[in-house]
Amino acid sequence: MVEIMLEELIPEPLGDGASDPAASANPAVPAAPAEPQLVTVTVDNKTVQVPTGSTILDACTAAGVRVPTLCFLKDVNEIGACRVCLVEVEGIEQLVASCNNVVLDGMVVRANSPRVREARKANLEFLLSRHNSTCTSCVRSGNCQLQALSNQFGISELPYSVELTHTPWNQDFPLIRDADKCVHCLRCIQICDHVQNTGVWDLANRSSHTCVGVAGGAPIEATDCTLCGQCVTHCPTGALTARDDTDKVFDAIADPDTTVVVQVAPAVRAAWGESLGLSHEEATIQRMAAALKALGVDYVFDTSWSADLTIMEEGSELLAKLAAAAAAPGDPAASADLAAPGAGDAPRFPMFTSCCPGWVRYAKAHHPELVDQLSSAKSPGQMFGAITKSWFAQTQGIDPHSVFCVEVMPCLAKKAEVAYAPMNDACGDPDVDVSLTTREMDRMFRAACLDVASLEELPLDDPLGTFTGAGVIFGATGGVMEAALRTAHAIVTGEDAPADAFSAVRGMDGWKEATFDMGGTPLSVAVVSGLSNAEKLIQSIQSGEFSYHFVEVMACPGGCAGGGGQPIHDGCELAAERGDVLWELDRQMPLRKSHENPVIQQIYAEYLGEPLSHRAHELLHTDHHAWKMPHEA
């Protein structure tokens, strides 16, 4: 790599952040609240004390009394829409929803009286009268909160006639909605509005005809849906799912003239065993490789390899922008203003990551002025596909047109990404043919009647199965940033910092910032996950309140570990736990920095030349303007 003097590389810091390498702050952290006052509540003859402002549901939970819920999502959807959480309160004639009514001191609650049980069952029966209960052919069968509650309350027949809406839907779109399975819990609306800031879903019609649908009645393909999939993972039934592409992969495996190559994203390894009953210790990448080989797949690789490749390209792109800013006339800090052109020909800052297609879709839809500040590097999955159908096919003597490249991702937006017209740089065919979610891969294992737990582990195939800890942590929020900093520090200073020197960007805070000492010069960075947090950060940058050199954005809260294609556990957010798995794998890796990957070094020496070379640009970079969101068409 070309050696560059540090003072030529990094301009003056863009903000007033601390220069302490360990400095990290969440700009929106509130002051510690005062100690809450307690109120006394009696639930089913159990007396507990809970903080003032707690809901009746909180009090029931504190008393160890289980109250069923359907629409409820803590801090997101507390509206009492389903009426399944009804309880009796002494002194109040009507039953009340426990999820959105606050306790009072001395309140007496009966959570499981005959009247309560009968009302809950009647409400469930009414919901089922508007629900297509074809459970045996539903993708959520066995993992459906409505199904579980119906079984719990012993509902075997309905006293009401079933009335369904039969709303048509574009079955080619990556996100599929079956209105006949919607229970009007409004979770999708709340998640999309308040967590993801996208507003795709809304209520339509009035009175008994009220239903959930696409905002404004538009077809889904005409909206600015980011395909983050958070509405899918938070839907309690099968009303929202991902398009099923498993048959395409089974067909490719069955074709003797097709070479099937599967790459698996790092976040998948932290979650794929959940729906199969495997512990994290059992659900290794090697056991997953064995299961994929048992399906008939020819090669199994880890997308962590191309995550290392992404760091080489994206990190070099950042350093090149910093060098250009330092060399430009005028004050380099002027280029930090997103609302104004840079100083002279200086690039604008911050540079944003482009690994997450959900974030890229959001930027194009909501902030087109930022598109040129996205890294031009393709996502790791797309880089992997391009290398698979070029260098790998060439070295293995395989016709690239016979290669069927499958990626397994924790994501719905990847299903759209693989179909973008510019993603065909290797041989003219799509660089990646099919993107499966983690859930789809698990369904393939079940469909093949595999006893995955009993399979002996198999190593990943060479040469694209070699990766570093930096590639693994791409699946956790902050991981892309930390991986980039590990390598950028080595390029800038000529010295490797300890792999954990940049751990200030870790953690589940939706917005993290830090300033790191890169050989005597501060580099200001930020990490956000969840699109609502991304919007807050963008607004703060554009107002001049904050400024950074480099920003990592992941559309899903917690990063890819909490992606919309991951296994669903109703009411449970597992991004933190899955992320911890990835950080622990990183700590166990013998190589923890992307530039240390010997196969990455080999491919640059033999094929790509160096980061940002002409061939690297042809295969590994893209033009974000070359495909359109609906409003751009």
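Every value quoted in this text rests on a predicted model; they were computed, and no experiment measured them.

Cut-offs used in this document
- Residues numbered from 1 in each chain as written.
- Predicted model: local features only at pLDDT ≥ 70, side-chain atom pairs only at ≥ 80, totals over all residues.
- Heavy atoms only, no water.
- Phe/Tyr/Trp six-rings, centres within 6.5 Å; stacked < 30°, edge-to-face > 60°.
- Helix = DSSP H or I, 4+ residues; strand = E, 2+ residues; numbered from the N terminus.
- Buried < 20%, exposed > 50% of the residue type's maximum accessible area, 1.4 Å probe, protein only.
- Pairing = 2+ DSSP bridges.
- UniProt positions renumbered as here; feature names shortened; annotations may be inferred.
- Contact = heavy atoms within 4.5 Å.
- Axes fitted to C-alpha atoms, helices over the stretch in contact; angles between N-to-C directions.
- Expected span 1.5 Å × (residues − 1).

(A) Representation of the packing of aromatic side chains. As enumerated under the stated definition, the model contains 14 aromatic pairs in all. Arranged with centres 5.3 Å apart and planes meeting at 80°, the rings of F301 and F392 form a pair that is edge-to-face. Placement of the pair is F301 in strand 12 (residues 299-302) and F392 in helix 12 (residues 380-396), with a sequence separation of 91 residues. For F301, a relative accessible area of 0% puts it in the buried group. A ring pair is formed by W305 and F384, whose centres lie 5.9 Å apart and whose planes are at 85°; its orientation type is edge-to-face. Remark: F384 occurs in helix 12 and W305 occurs in helix 10 (residues 304-327); sequence separation between them is 79 residues. Taken individually, W305 and F384 each receive the classification buried, so the pair is uniform in this respect.

(B) Region of the structure containing the pairing of strand 16 (residues 511-517). Of all the seven residues making up strand 16, six are buried; the element is thus mostly covered by neighbouring parts of the structure. When strand 16 meets strand 17 (residues 522-529), the two strands line up antiparallel, connected through seven bridges. The residue bridging K512 from the neighbouring strand is V527, located in strand 17.

(C) Structural view of the UniProt feature "domain: 4Fe-4S His(Cys)3-ligated-type" (unreviewed entry) in the protein chain. The residues that UniProt annotates with the feature "domain: 4Fe-4S His(Cys)3-ligated-type" (unreviewed entry) are residues 115-154. Annotated as 55% helix and 0% strand, the span residues 115-154 places its first and last C-alpha atoms 16 Å apart.

(D) Spatial organisation of the environment of T438. Structurally, T438 can be placed in helix 14 (residues 438-447). In this structure, the C-alpha to C-alpha distance between T438 and A271, residues 167 residues apart in sequence, is 7.7 Å. Residue contacts for T438: discarding those within four places in its chain leaves V268, A271, W272, V408, M409, P410, G565, Q566 and P567.

(E) Seen up close, the pairing of strand 4 (residues 86-89). Judged by which residues are buried, strand 4 turns out to be covered on both faces: L86 and E88 on one side and V87 and V89 on the other are all buried. Connecting strand 4 to the next strand, strand 5 (residues 96-97), in antiparallel fashion are six residues, including G91 with a positive phi near 95°. Of the pairings in the sheet, the one linking strand 4 to strand 6 (residues 107-110) comprises two bridges and is antiparallel in character. Following the sheet pairing, V89 is matched in strand 6 by V109.

(F) Spatial organisation of the sheet that holds strand 2 (residues 38-43). In spatial order, the strands read 3-2-6-4-5; together these five strands make up an open sheet with mixed pairing. Each of the sheet's edge strands pairs with one partner strand only, and the pair in question is strand 3 (46-51) and strand 5. Strand direction decides the pairing type here: strand 2 and strand 3, joined by six bridges, are antiparallel. Among the inter-strand pairings, L38 is bridged to a residue of strand 3, identified as P51. Those strands touched by helix 3 (residues 114-128) are strand 4 and strand 6, and its axis lies near 150° from that of strand 4.

(G) Expanded view of helix 17 (residues 531-542). For helix 17, spanning 12 residues, the distance from its first C-alpha to its last is 16 Å, which sits close to the expected 16 Å at 1.5 Å a residue. Turning to helix 17, its buried residues number three or more, namely L531, S532, A534, E535, L537, I538, S540 and I541. Where the residues of helix 17 are buried, they touch helix 5 (187-195), strand 13 (351-352), helix 11 (357-366), strand 16, strand 17 and strand 18 (550-554). Backbone geometry just after helix 17 places G544 at a positive phi near 90°.

(H) Region of the structure containing the sheet that holds strand 15 (residues 434-437). Pairing in this open sheet of four strands is parallel, and the strands run 12-11-14-15 from one edge to the other. The sheet terminates laterally at strand 12 and strand 15, the two strands that pair on one side only. Adjacent strand axes in the sheet meet at a mean angle of 25° when their direction is disregarded. Where strand 14 (residues 403-409) meets strand 15, four bridges bridge the pair, whose relative direction is parallel.

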